[in-house]
Amino acid sequence: MERFKQRKEVPQSEIERMELIPQGQALAAKFLREKEFDILSEVEKQAGDLRKYIIEGVQETFLNNLQMPGDKDTMEANKKAMEGLLLIKKNKNALKETFGQLEHLFQYYERTMEQAFGQFKERYAAKMSASLKKLEQRTGQKIKADPEKQPGFREEWMRAVSGINNQYEQLLREQKEKIRALP
């Protein structure tokens, strides 16, 4: 009984926050999935004071969906998330400036990945060529092998990608924090 009496009451605002943030996250997910979904009208349905919790949930979902572009689908998802953030944020000029920085980061990342892949493939092929020459000498036949189809290529490439991604993820987190701080 003493422990029960010593527990702290959870403020009503915290209860509302815990209930409304997931609702905002669901709205953002629906916005990302459905082309014609009007997220602003859905957000506006919530009472003024509680709307901030819905927006917080929406914002977190959009920020979580901003990722380094590995393919065309990811880039499209990034654009949709940015479009959503532009709808809910008040300081649109600062947000557009940050989006410009994000776009630059994404483009730089794509170029870096292309260059890194080319260099990695060349190094892997060079490493492979020594063993191929030995095999050619033993068999007396010319052997041609694609480095990408060799065992171990994907694993080593994934390790290299992981290192590159770690660097860029930190930069992406910084941009997300800038966005989060904007009114």
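## Points about the overall build of the protein chain
So, step 1. What the protein chain contains, in helices and strands, is seven helices and zero strands.
So, step 2. Going from the N terminus to the C terminus, the protein chain shows its helices and strands as α-α-α-α-α-α-α.
So, step 3. Computed over its C-alpha atoms, the radius of gyration of the protein chain comes to 25 Å, more than 25% above the 16 Å expected for a compact globule of 183 residues.
So, step 4. Taken over the C-alpha atoms alone, the protein chain extends approximately 85 × 50 × 25 Å along its principal axes.
So, step 5. Residue burial in the protein chain is summarised as follows: out of 183 residues, 31% are buried.
So, step 6. When the accessible area of the protein chain is evaluated, it comes to approximately 12,500 Å², of which 50% is carbon and sulfur surface.
So, step 7. Taken as two groups, the 34 positive and 30 negative side-chain charges of the protein chain have centres that lie 5 Å from each other.

## Let's talk about the layout of surface pockets
So, step 1. Reported here for the largest pocket is a volume of approximately 310 Å³.
So, step 2. Taken together, 14 residues line the largest pocket, and the ones lying closest to its centre are Arg51, Ile55, Ile88, Lys89 and Lys90.
So, step 3. Elements that contribute at least two residues to the lining of the largest pocket include exactly helix H3 (39-44), helix H4 (51-64) and helix H5 (72-88).
So, step 4. Among the elements that line the lining of the largest pocket, the one with the most residues is H4, at five residues.

## A short note on the packing of aromatic side chains
So, step 1. For the structure shown, the criterion picks out nine aromatic pairs.
So, step 2. Ring plane angle 75 degrees and centroid distance 5.2 Å describe the contact between Tyr109 and Tyr168, whose orientation is recorded as edge-to-face. Placement of the pair is Tyr109 in helix H6 (residues 92-139) and Tyr168 in helix H7 (residues 153-181), with a sequence separation of 59 residues. Of the two residues, Tyr109 and Tyr168, both sit in the buried class.
So, step 3. An angle of 90 degrees between the planes, with centres 5.2 Å apart, marks the rings of Tyr124 and Phe153 as edge-to-face. Of this pair, Tyr124 sits in helix H6 while Phe153 sits in helix H7, and the two are 29 residues apart along the sequence.

## Observations regarding the nonpolar core
What tends to happen in soluble globular proteins is that the nonpolar side chains get buried as a cluster.
So, step 1. If you look at the biggest cluster of nonpolar residues, it comprises 39 residues, and the most contacted ones within it are Ile39, Val58, Phe62, Leu66, Leu85, Leu102 and Ile179.
So, step 2. Those elements that place two or more of their residues in this core are helix H2 (12-33), H3, H4, H5, H6 and H7.
So, step 3. When near neighbours in sequence (up to four residues on either side) are disregarded, Leu85 contacts Gln59, Phe62, Leu63, Leu66, Leu95, Phe99 and Ile179.

## Focus on the side chain of Lys176
So, step 1. Within the secondary structure, Lys176 sits in helix H7.
So, step 2. Of the buried charged residues, Lys176 lacks a salt bridge, with Glu169 as the closest side chain of opposite charge at 5.7 Å.
So, step 3. Excluding residues that lie within four positions of it along the chain, Lys176 makes contacts with Leu63, Asn64 and Leu66.

## Comments concerning the confidence of the model for the protein chain
So, step 1. Scored by pLDDT, the protein chain has a mean of 89; 94% of the residues are at 70 or more.
So, step 2. Model confidence for the protein chain, summarised as mean pLDDT per element, is weakest for helix H1 (residues 2-6) at 66 and strongest for H4 at 96.

## Topic: H5
So, step 1. In this model, H5 (17 residues) spans 25 Å end to end at C-alpha, consistent with the 24 Å of a helix rising 1.5 Å per residue.
So, step 2. Capping of H5 at its N-terminal end is provided by Asp71; its side-chain oxygen lies 3.3 Å from the backbone amide nitrogen of Asp73.

## Remarks on the pattern of salt bridges
So, step 1. Using the criterion set out here, one finds nine salt bridges in the structure.
So, step 2. Across the pair Glu56 and Arg17 runs a salt bridge whose closest N-O atoms are separated by 2.4 Å. Within this pair, whereas Glu56 is found in helix H4, its partner Arg17 is found in helix H2, the two being separated by 39 residues in sequence.
So, step 3. Given the relative accessible area of 24%, Glu56 is considered partly exposed.
So, step 4. Glu60 serves as the salt-bridge partner of Arg180, at 2.8 Å between the closest nitrogen and oxygen. Here Arg180 is found in helix H7, whereas its partner Glu60 is found in helix H4, with 120 residues between them in sequence.

Definitions and cut-offs
- Residues numbered from 1 in each chain as written.
- Predicted model: local features only at pLDDT ≥ 70, side-chain atom pairs only at ≥ 80, totals over all residues.
- Heavy atoms only, no water.
- Helix = DSSP H or I, 4+ residues; strand = E, 2+ residues; numbered from the N terminus.
- Rg over C-alpha atoms; globule rule 2.2 N^0.38 Å.
- Buried < 20%, exposed > 50% of the residue type's maximum accessible area, 1.4 Å probe, protein only.
- Areas by Shrake-Rupley, 256 points an atom, 1.4 Å probe, with all protein chains shown as cover.
- Lys, Arg positive; Asp, Glu negative; His and termini not counted.
- Charge placed at Lys NZ, Arg CZ, Asp CG, Glu CD.
- 1 Å grid on protein atoms, 1.4 Å probe; cavity = no way out; pocket = protein on both sides within 12 Å on 5 of 7 lines; lining within 4 Å.
- Points joined across faces, edges and corners; volume = space filled by probe spheres on them.
- Phe/Tyr/Trp six-rings, centres within 6.5 Å; stacked < 30°, edge-to-face > 60°.
- Core = buried A, V, L, I, M, F, W, Y, C linked by side-chain atoms within 4.5 Å.
- Contact = heavy atoms within 4.5 Å.
- Salt bridge = Lys/Arg side-chain N within 4 Å of Asp/Glu carboxyl O.
- pLDDT = per-residue confidence, 0-100.
- Expected span 1.5 Å × (residues − 1).
- Polar contact = N/O pair within 3.5 Å; in protein donor to acceptor, adjacent residues only side chain to side chain.

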